[in-house]
Amino acid sequence: MKALVCRRPGELILEDRSPPSPPEAGWALVSISHVGICGTDYHIFEGKHPYLAYPRVMGHELAGTVTAIGEGAPIRIGERVVVNPYFACGRCIACRDNKPNCCVSIEVLGVHRDGGMCEELLVPADNLYPIGGLSLDHAAAIEFLAIGAHAVRRSQLAAGKRALVIGAGPIGLGTALFARIAGQIVTIMDVRRERLDFAEGQLGFPVIDGLSLSPADLVRERTDGECFDLVFDATGNRASIEAAFAYVAHGGALVMVSVIKDEISFSDPEFHKREMMLIGSRNALRVDFDHVMAAMHDDTVPVAKLITDRTTLRDSVRDIPHWVNQKSGLIKAVIAV
């Protein structure tokens, strides 16, 4: 089979590999149809991912069709599915508490083990979710949207409250869309004018320019001096995360959707006087995938607008390096395998 391999930072090659062996009990073989390209994939290509060994087949935003199943696999041959790319141990404290998304020894496709930028992939059948009438190319967007849906669910904020999403990349936009679906009054902040124009013009969100002379003053102006009940940071930027504490209203919460390698610091008096909550959000659960699929079926998520670029497995050798350095107009690129 064909597989797109990142042999070392900066080097992609389309490689011929032996097809997977027949699936063992509880596993299934999936013919990969479409793969969404994530920021993680760009970081792997650039050599910026801290937990990765090369060579690596990237790709964890996956949709395809089941072509073979092992004994006892709870899925049918021919089923069109989205792949949950988080492989959990099923035994640790998080798994026992029904939180496999933060399993102690989690393995993510395309990061800790070879992913789905290839023609066929073996996956535990429990990680495959039928997509119903959704198209396979749109289904490749389910996983990244589930990240945002999970963050919104973690926030537990009631409808009608004011929310600020910082970062208008795919994860931030997904978070904003599902915060709006949850009934929150959502504003988006970013430092890139092109992303703000997309969020405002294509998705209908009010926006704040993070490069303005005083974003904190604009936050207070938009909220009658009270700041936002809920702030999501989806930037992966230390300075942005540290600044976000000042945007949270008294009694509010800050949800960290992105993750960084650095330590962060904040003013404890400011944190305590607000009695604010700091919430981490990692990956997603089956309930979040289901929520995203329901929203896509209802056309409340404009997936066609989010998928701005397309390529093939062969052309990805050229296109991924291009998109690493040139992201103008790019929101989400999808590979047709």
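Calculation notes
- Residues numbered from 1 in each chain as written.
- Predicted model: local features only at pLDDT ≥ 70, side-chain atom pairs only at ≥ 80, totals over all residues.
- Heavy atoms only, no water.
- Helix = DSSP H or I, 4+ residues; strand = E, 2+ residues; numbered from the N terminus.
- Buried < 20%, exposed > 50% of the residue type's maximum accessible area, 1.4 Å probe, protein only.
- Contact = heavy atoms within 4.5 Å.
- Lys, Arg positive; Asp, Glu negative; His and termini not counted.
- Charge placed at Lys NZ, Arg CZ, Asp CG, Glu CD.
- Phe/Tyr/Trp six-rings, centres within 6.5 Å; stacked < 30°, edge-to-face > 60°.
- Core = buried A, V, L, I, M, F, W, Y, C linked by side-chain atoms within 4.5 Å.
- Salt bridge = Lys/Arg side-chain N within 4 Å of Asp/Glu carboxyl O.
- Arc of directions from axis to C-beta.
- Pairing = 2+ DSSP bridges.
- Axes fitted to C-alpha atoms, helices over the stretch in contact; angles between N-to-C directions.

(A) View of the overall build of the chain. Broken down by element type, the chain carries 12 helices and 18 strands. With the C-alpha coordinates aligned to their principal axes, the bounding extent of the chain is approximately 60 × 40 × 40 Å. The buried share of the chain, taken over its 337 residues, is 52%. Here the analysis covers contacts within the chain between residues at least 6 apart in sequence; of these, 68% occur between residues at least 24 apart. Within the chain, one finds 34 positive and 41 negative side-chain charges whose respective centroids are separated by 1 Å.

(B) Focus on the packing of aromatic side chains. Using the criterion set out here, one finds four aromatic pairs in the structure. Centre to centre, the rings of Tyr129 and Phe289 are 5.2 Å apart; their planes meet at 75 degrees, and the pair counts as edge-to-face. Here Tyr129 is found in strand S10 (residues 128-130), whereas its partner Phe289 is found in helix H10 (residues 286-297), with 160 residues between them in sequence. Per residue, the accessibility class of Tyr129 equals that of Phe289, and both read buried. A ring pair is formed by Phe266 and Phe271, whose centres lie 5.1 Å apart and whose planes are at 45 degrees; its orientation type is tilted. Exposure remark for Phe266: the relative accessible area of 36% places this residue in the partly exposed category. The exposure class of Phe271 is buried, given its relative accessible area of 17%.

(C) Main features of the nonpolar core. Among the nonpolar cores identified, the biggest contains 98 residues, and Met117, Ile142, Leu145, Phe232 and Leu306 are the most heavily contacted of them. Looking at which element gives the most residues to this core, the answer is helix H4 (residues 142-155), with eight residues. Those residues within four positions of Ile142 in sequence are excluded, and the remaining contacts are Val82, Ile131, Leu134, Phe289, Val292, Met293 and Met296. In this structure, Leu164, Cys227, Val231 and Ala249 belong to the second largest nonpolar core, which totals 17 residues.

(D) Up close: the pattern of salt bridges. Enumeration according to the criterion identifies 23 salt bridges in this entry. For Glu11, the salt bridge goes to Arg8, with nearest N and O atoms at 2.1 Å. Salt-bridge contacts for Arg162 lead to Glu226; the nearest nitrogen and oxygen are separated by 2.6 Å. In this pair, Arg162 sits in strand S11 (residues 162-166) while Glu226 sits in the loop between helix H7 (215-222) and strand S14 (228-233), placing the two residues 64 residues apart along the sequence. Within the structure, one salt-bridge network assembled from shared partners comprises Glu15, Arg17, Arg56 and Asp114.

(E) View of helix H6 (residues 193-201). Within the span of H6, buried status applies to Arg195, Leu196, Phe198 and Ala199. In an axial view of H6, the angular spread of the buried residues amounts to 160 degrees, which keeps them on one side of the axis. Check the buried side of H6 and you find it contacts helix H5 (170-181), strand S12 (185-190), strand S13 (207-209) and helix H11 (303-306).

(F) Here's a closer look at the sheet that holds S13. Read from one edge of the open sheet, six strands run S13-S12-S11-S14-S15-S16, paired in parallel fashion. One side of each edge strand has no neighbouring strand; the edge strands of this open sheet are S13 and strand S16 (277-280). Each strand axis lies, on average, 20 degrees off the axis of its neighbour in the sheet, ignoring direction. As paired elements, S14 and strand S15 (residues 248-256) share five bridges and run parallel to each other. Each residue of the ladder has a partner; that of Val231, found in S15, is Leu254. Contacts from H4 reach S14, S15 and S16 within the one sheet, and its direction differs from that of S14 by about 145 degrees. Across the sheet, H7 touches S11, S12, S13 and S14, and the angle it forms with S13 is around 155 degrees.

(G) Structural detail: the sheet that holds strand S4 (residues 56-57). Spatially, the three strands line up as an open sheet ordered S2-S1-S4, and their pairing is antiparallel. Strands with a single pairing partner mark the edges of an open sheet, and in this sheet they are strand S2 (11-16) and S4. Two strands pair when backbone bridges link them, and strand S1 (residues 2-8) and S4 are joined in this way by two bridges, in the antiparallel orientation. Residue pairing for S4: Cys6 is matched across the bridge by Arg56. The strands touched by helix H12 (residues 316-325) within the sheet are S1 and S2, with S2 carrying the most contacts at an inclination of about 160 degrees.

(H) Geometry of H12. Every buried residue belonging to H12 is among Ser316, Asp319, Ile320, Trp323 and Val324, and all of these are buried. All buried residues of H12 lie within an arc of 140 degrees about the axis, which places them on one face of the element. Opposite the buried face of H12, by more than 90 degrees, sit the exposed residues Arg318 and Asn325. The elements touched by buried residues of H12 are S1, S2, strand S3 (27-37), helix H1 (39-46), strand S17 (307-312) and strand S18 (332-336).

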